[in-house]
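Each chain, letter by letter, is given below.
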Amino acid sequence: MNKNLIYLTYQTFPASTANTIQTIDNLKYLSKKGYNVKVVFPLRSKTSTDDINKLKKFYEFEEEIEFKGLDHNLPFGKFGIFEKYFFIISHYFWSKKVCKDFDNIENKDTQFFTRSDWVFYFLSKRQYNIIFECHQLSKTRKWVLKKSIVYQNSKVIFLNNNLKIDSGINSNEFSNKIEVIHNGVNTKLFKSVKNKDPYQIIFTGNLKRFNDERGLNFIIDTFKNKLMPDKYSLVIIGGPTEEVLKMKKYVSKMNLNNKIEIFDRTNRSSVISNIEKAGIGLLINSSNNSHSTKYTSPLKYFEFMYAGLKIIGVDFPSHRELPFSEKIYFFKENDTESFINALNSSTSFKAVEKNKLDAITLLSRVNKIHEFIKK
C-alpha cells in the first residue's frame, strides 16, 4: 500500500483556529502511523508560512511533516471587504489551478486528503485517490459532494451522522465510500493533574462563531442570579483579543471579577493544563447557525471528556450526536433555571473509565481513517 499522503487544502497555517488545530493533530498521528505526510496550502495571509520550525513551535509537534506554501495572488484576504464573496472566488480558482498542477504527479497512487470543497471536486474529476472530511454543509458543498462522490476513487468522512444524512449522498449506493468518524483527542497533551477544583467551570475556544455571540454572556449573567450556588466559578480561555477585552469589561461591570476569569489565547499545552485543573466543561453555542445546532463536533468536548470533567451542554442535536453524550448534563438555551439545574444534577456524575475513552483518541480515529483508505 502506498503511504504517500498529500493534505491539499485552502486552509492556511499557522492559525489559532479549531480547524487548523484539528488538521495538524490528525496529520501528526497519520505520520506516526507511517504515512509520508505533505501539506500543500496557500500563503493567503500576512502570517502564513511554511517554515517548519515556526509551525512546529506554534502547533507543538515533533513529527516529520513537510509543508509547502504556495503563492496566493487572488483577492481573498487583501481588501477587508466582501470577504465572503472573495473567499468563494479565490477558493475556486486557487483549487482549480493547484489541482491542475498535480497532473504531472509521478505516483498516481498517492492518497490526497482535504477539507476544501473545490480541491475535492477537481481531484475527483482527475480520478485521484481523494478523501474529503466534511465538517459542515452549504448549498455549494452539497452540490460538490453529489458531483464528486460518483468518481471511483473519491470518499467522504463525516464528523457526525447528521452531516451524512443531510449531505444528500445516497448512503446505500455509496456505503463503501462514506464513513462517520468523530473527532478525537490528542492524549499526549495530558498529564493527569490531581489538584482539581470540582466547582470550576471552563470554556475554551473562540468567543465568537460565524461572527455571532456564543451565549457566554448568558452564562456570565447567571452568576448574578440568586439561585446560582456560590461555590461555582468560571474560567474562559479564548480569542480574539478584542473580544477578550470586551468580555472582561462586561465581567467588571457586573462585579464578577471574584467569580470569573478570562484569558486570551494561549498554547495547547497550557489550555489542556487548565482543563485538567477544572471540574466542569462547558459546551455552548448560539442556535442562529445550523452548524452549531446540528453538525459541530467540538474538540473541546473530547478534551473535557478525556480529562474526566463533568460536562454541561446546551441541548442541541449536534451535542446529542457526540460519543458518550449520555454523560452530558443538558440545559435549554438561554434558560437560567435549566442551566443551574444541570449544574446541580452534575454532582451525580461518574467519569467514563479510561480504557473506554480509548475510542475517542486520535490514535483510534487515525486507525479508522487508515482502514477507510484501504477499502
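So, how was this worked out
Residues numbered from 1 in each chain as written. Predicted model: local features only at pLDDT ≥ 70, side-chain atom pairs only at ≥ 80, totals over all residues. Heavy atoms only, no water. Pairing = 2+ DSSP bridges. Helix = DSSP H or I, 4+ residues; strand = E, 2+ residues; numbered from the N terminus. Axes fitted to C-alpha atoms, helices over the stretch in contact; angles between N-to-C directions. Contact = heavy atoms within 4.5 Å. Expected span 1.5 Å × (residues − 1). Buried < 20%, exposed > 50% of the residue type's maximum accessible area, 1.4 Å probe, protein only. Arc of directions from axis to C-beta. 1 Å grid on protein atoms, 1.4 Å probe; cavity = no way out; pocket = protein on both sides within 12 Å on 5 of 7 lines; lining within 4 Å. Points joined across faces, edges and corners; volume = space filled by probe spheres on them. Nonpolar A, V, L, I, M, F, W, Y, C, P; charged D, E, K, R; others polar.

## Notes on the sheet that holds strand S13 (residues 280-283)
Taking strand neighbours across the sheet as the criterion, the six strands line up as S12-S11-S8-S13-S14-S15 in an open arrangement whose pairing is parallel. Two strands lie at the open edges of the sheet, namely strand S12 (260-264) and strand S15 (328-331), each paired on one side alone. Mean inter-strand twist for the sheet, computed between neighbouring axes without regard to direction, equals 25 degrees. Both strand S8 (residues 200-204) and S13 contribute to a ladder of two bridges, which runs parallel. Within S13, the position partnered with Ile201 by the bridge is Ile280. Packing of helix H8 (residues 241-253) onto the sheet brings it into contact with strand S11 (233-238) and S12, and relative to S12 it is tilted by some 165 degrees. The strands touched by helix H9 (residues 268-277) are S8 and S11; relative to S8, the strand with the most contacts, the crossing angle is about 155 degrees.

## A closer look at the sheet that holds strand S3 (residues 65-70)
Taken in spatial order, the seven strands of this open sheet run S3-S2-S1-S4-S5-S6-S7, and their pairing is parallel. Both edges of this open sheet fall to S3 and strand S7 (178-180), since each of them pairs with a single strand only. Adjacent strand axes in the sheet meet at a mean angle of 20 degrees, parallel and antiparallel pairs treated alike. When strand S4 (residues 111-114) meets strand S5 (residues 129-134), the two strands line up parallel, connected through four bridges. The residue bridging Gln111 from the neighbouring strand is Asn129, located in S5. Where helix H14 (residues 362-374) meets the sheet, its contacts fall on strand S1 (4-8), S4, S5, strand S6 (154-158) and S7, and the angle it forms with S6 comes to roughly 155 degrees.

## Remarks on H8
Over its 13 residues, H8 runs 18 Å from end to end, which matches the ideal 18 Å to within 8%, given 1.5 Å per residue. Glu243, Val244, Met247 and Val251 are the residues of H8 that are buried. Taken around the axis of H8, the buried residues stretch over an arc of 100 degrees, which confines them to a single face. Turned more than 90 degrees off the buried face of H8, the exposed positions are Glu242, Lys249 and Lys253. Directly beyond the C-terminal end of H8, a positive phi value near 55 degrees is found at Asn255.

## Looking at the layout of surface pockets
Roughly 170 Å³ of internal volume is contained in the second largest pocket. Leu70, Asp71, His72, Asn73, Leu74, Phe93, Trp94, Lys97, Val98 and Asp101 together form the lining of the second largest pocket. Tallying contributions element by element places helix H3 (residues 83-101) first for the lining of the second largest pocket, with five residues. The class makeup of the residues in the lining of the second largest pocket is five nonpolar, two polar and three charged.

These results come straight from atomic positions and should not be treated as a statement about function.
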